[in-house]
Structures are given as C-alpha cells and as structure tokens.
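Chain by chain, the residues run as shown.
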Amino acid sequence: VLTRSSVGNGDLWQAFFDGIDKRLYSSFVHCQDEVHCDANSVSASKVSSVPTVYCDDLVSAMVQLLRAATKDSSSPNDKFIFLSDTTLPLKPFAGVYSALTSNRNSDFCVSPRSEWLSLALGHKRALLVTHSQWVVLSKDHAAAMVD
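In this convention, every chain numbers its residues from 1, walking through the sequence in written order. Only residues with pLDDT of 70 or above have their local features reported here, since the model is predicted, and side-chain atom pairs are shown and tallied only from 80 upward, although totals for entire chains, interfaces and linings are computed over all residues. Derived side-chain values reflect all non-hydrogen atoms in the structure, with water molecules and hydrogen atoms excluded from consideration.

Asker: Residues and numbers for the side chain of Gln-64, please.
Answerer: In this fold, Gln-64 is placed in helix 2 (residues 59-72). The criterion used for residue contact is that any of the two residues' heavy atoms lie within 4.5 Å. Once residues within four sequence positions are removed from consideration, Gln-64 is found in contact with His-30, Val-47, Ser-48 and Val-50. Numbered from the N terminus, helices here are DSSP runs of H or I no shorter than four residues, and strands are runs of E no shorter than two.

Asker: If you had to explain the pairing of strand 6 (residues 124-128) to someone new, which residues and values would you point to?
Answerer: Sheet topology places strand 5 (residues 117-121) next to strand 6; five bridges connect them, and they run antiparallel. When the sheet's bridge partners are listed, Leu-121 is paired in strand 6 with Lys-124. In this scheme, strands are said to pair when DSSP sees at least two bridges between them. Count of turn residues in the strand 5/strand 6 antiparallel hairpin: two residues, of which Gly-122 carries a positive phi of about 65°.

Asker: Report on the sheet that holds strand 1 (residues 2-3), specifying residues and quantitative values.
Answerer: Reading across the sheet, the three strands line up as 1-2-3 and stay open at both edges, with parallel pairing between neighbours. Bordering the open sheet on either side are strand 1 and strand 3 (45-46), each of which pairs with just one other strand. Relative to strand 2 (residues 28-31), strand 1 is paired through two bridges, and the arrangement is parallel. Of the residues in strand 2, the one forming a bridge with Thr-3 is Cys-31. In this fold helix 2 packs onto strand 1 and strand 2, with an angle of close to 155° to the strand it touches most, strand 2. Interaxial angles span 0 to 180 degrees and are taken between N-to-C directions of axes, which are lines fitted to C-alpha atoms, for helices over the stretch in contact.

Asker: Any chance you could break down the pairing of strand 2 for me, citing the residues and the numbers?
Answerer: Looking along a regular strand, one sees the side chains alternate between the two faces of the sheet. Burial along strand 2 is two-sided: the residues Phe-28 and His-30 and Val-29 and Cys-31 are all buried. Relative to strand 3, strand 2 runs parallel, the two sharing two bridges. Residue Phe-28 lies in a different strand from strand 3, and its bridge partner there is Ser-45. The buried label goes to any residue with under 20% of its type's maximum accessible area, the exposed label to any with over 50%, and the partly exposed label to all in between, with areas taken from a 1.4 Å probe on protein chains only.

Asker: Hey, could you go over the pattern of salt bridges for me, with residue numbers and the actual values?
Answerer: By definition, a salt bridge exists where a carboxyl oxygen of Asp or Glu is found within 4 Å of a side-chain nitrogen of Lys or Arg. Applying the stated rule across the entire model yields one salt bridge. Among the ionic pairs, Arg-23 bridges to Asp-21, the shortest N-O distance being 2.7 Å. Residue Arg-23 is classed as exposed on the basis of its relative accessible area of 74%.

So, in structure tokens, the structure goes:
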C-alpha cells in the first residue's frame, strides 16, 4: 500500500482478511511520512520510506515495497499488488485470490489507444502506451523491478 501516513478504511480491510490463513498473503505499507505512519489498522509491515512525489515519482516507493515483498515471497505463483491508501476491497478475499492465482501473468490496465502519445523520432514514429500505475506483477516481473 502506498500512503501518506495511514491506510484508510482499516475496518473494511480487517473484515476482508478476517479468518484468512495468513500464509496466503503478506501486506506491506510505504508511508510518505514515516514518523506518523500507521500500518496497524491493516496488520501490515512498514517498509523504510524513500522520497516520493505525487504524479512525479511513486516508482521509488513501489520498488521499496517490492524489495520487502520479494524477500518475503515463497512461491513462484506469488503476485505483487499495488494499492493506494484509499482502495476499497469490494470483492471477497476468496474470489480475488482465485483470480490472481489462476495464472502467473502480470496484469496492467492499458489506456485506450486514443490516449497514447505519438512521437516523431527522426523518420520513425513511436507510441508511448499509457497505463494505470496500479498494477499486479508476477514474481518474475517483481524481481526484475528490484534488480
């Protein structure tokens, strides 16, 4: 979870994980404000904060989360999911877990082609494909981000 200082809707997250075998998941939190960071509401492990700037550099915090999560990972089927502090769990854990573990792929939400940028590079054209930063990474892709 990426947050400024705490994870919202802790009661909903507690209900989402209630009764779930803790060997099935791990939760990590990166707080922009490490001094006032509260990960207790979601029973998550805090990672050391790195500088972040909204709309400029959240990738550094995402890599910091991946460093901790990949060390904790024990299965080649593990997935690494990025959430914001305002994310709500709308589906039951069992359904989410089943969907995530049905394959070893990463998942990206790619924007419609009309939102991609086109660049001229000499006599060639290049497209900059945009996607949401809230992605699901496979273990291999998570490891590549950390390396």
